[in-house]
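Listed below are the residues making up each chain.
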Amino acid sequence: MNGCGVCNGMTQALEKEIMQRLFVAITLPDTVRQLLLERQTELSDIRWTSPDNLHLTLRFIGEVPLAKVSVIKAGLRTVSENAFSLQVKGLGYFDKRPQAIVWAGVVESALLLALKKQVDDALALHAELKVPDGRFSPHITLGRAKRAGRSALKNFIAKYDDATTAAFTVKSFTLFNSVLAPGGAVHTAEERYPLVNDIGKI
């Protein structure tokens, strides 16, 4: 009986080991990340996102079996959308007490929404991943505040409400593997997917 218990424990551990936590995102150029990094110095009591982890999430997939990752990659390879221009604009926060999530927004973009839809449709068709409910609110998470006062946050947001970065060209999107760690999540690029380089439409 004890032997079976040990086997079951080993099986459960193995199943947990071969799960991967995935998300699909647009990476940011160094110039944009540097500007966002400068904003991160103005408030204390916030756990700021490291510069390497700044990105715009298109789809959080969550944990999936390792065996399904190849199917997800194959599905994402079918996405065919034009490269497009994007700008980061303004700051805001989601008040999810006891913490608040501070974010940078982006200028409205029909091509960004089109890319998001293609990604969701491809994952539904090829990997049988249900399209998420709710409205897509594109943003870049700058940090998480557990102790920062809401008045300080509101003043910070108001200060940069209209701040806009220079436009940059989105030429690809990336599938990331995310491993949770005590010092923050560690993101590793699994595969990059180039967009159609249609310069005439940028």
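As shown above, the structure is provided for reference.
Criteria and thresholds
Residues numbered from 1 in each chain as written. Predicted model: local features only at pLDDT ≥ 70, side-chain atom pairs only at ≥ 80, totals over all residues. Heavy atoms only, no water. Pairing = 2+ DSSP bridges. Helix = DSSP H or I, 4+ residues; strand = E, 2+ residues; numbered from the N terminus. 1 Å grid on protein atoms, 1.4 Å probe; cavity = no way out; pocket = protein on both sides within 12 Å on 5 of 7 lines; lining within 4 Å. Points joined across faces, edges and corners; volume = space filled by probe spheres on them. Nonpolar A, V, L, I, M, F, W, Y, C, P; charged D, E, K, R; others polar. Salt bridge = Lys/Arg side-chain N within 4 Å of Asp/Glu carboxyl O. Buried < 20%, exposed > 50% of the residue type's maximum accessible area, 1.4 Å probe, protein only. Axes fitted to C-alpha atoms, helices over the stretch in contact; angles between N-to-C directions. Contact = heavy atoms within 4.5 Å.

A. Summary view of the pairing of strand β10 (residues 186-194). Examined bridge by bridge, strand β9 (residues 172-179) and β10 share 8 bridges and lie antiparallel to one another. Note on β10: the bridge partner recorded for L175 is E191.

B. Broad picture of the layout of surface pockets. Here the largest pocket is characterised by a volume of approximately 1,200 Å³. Forming the walls of the largest pocket are 40 residues, and the residues nearest its centre are H55, T57, H139, T141 and R144. Put simply, the parts of the chain that give the lining of the largest pocket at least two residues each are β1 (19-27), β2 (46-48), β3 (55-65), β5 (88-96), β6 (99-106), α4 (110-127) and β7 (140-145). Tallied by class, the residues present in the lining of the largest pocket amount to 14 nonpolar, 14 polar and 12 charged. Considering only enclosed or pocket space, the second largest pocket measures out at about 260 Å³ in volume. Lining the second largest pocket are 14 residues, and of these V106, R135, F136, S137 and P138 sit closest to its centre. Mapped onto the lining of the second largest pocket, the elements with two or more residues apiece are β6 and α4. Here the lining of the second largest pocket is composed, by residue class, of 8 nonpolar, 4 polar and 2 charged.

C. Spotlight on the pattern of salt bridges. Tallied over the full model, the rule gives 8 salt bridges. Salt-bridge contacts for K73 lead to E190; the nearest nitrogen and oxygen are separated by 3.4 Å. Of this pair, K73 sits in helix α3 (residues 66-76) while E190 sits in strand β10, and the two are 117 residues apart along the sequence. Judged by relative accessible area, which is 16%, K73 ranks as buried.

D. The arrangement of the sheet that holds β3 in detail. Spatially, β3-β1-β9-β10 is the arrangement adopted by the 4 strands of the open sheet, whose pairing is antiparallel. Each edge of the sheet is formed by a strand with only one pairing partner; in this case those strands are β3 and β10. Put simply, the sheet's adjacent strands are angled 25° from each other on average, direction ignored. Judged from the 9 bridges that link them, β1 and β3 form a sheet pairing that is antiparallel. Within the sheet, the bridge partner assigned to T27 lies in β3 and is H55. Lying over the sheet, α3 contacts β1, β3, β9 and β10, oriented at roughly 145° with respect to β3. Each of β1, β3 and β9 touches α4; the most contacted strand, β3, lies at about 10° to it.

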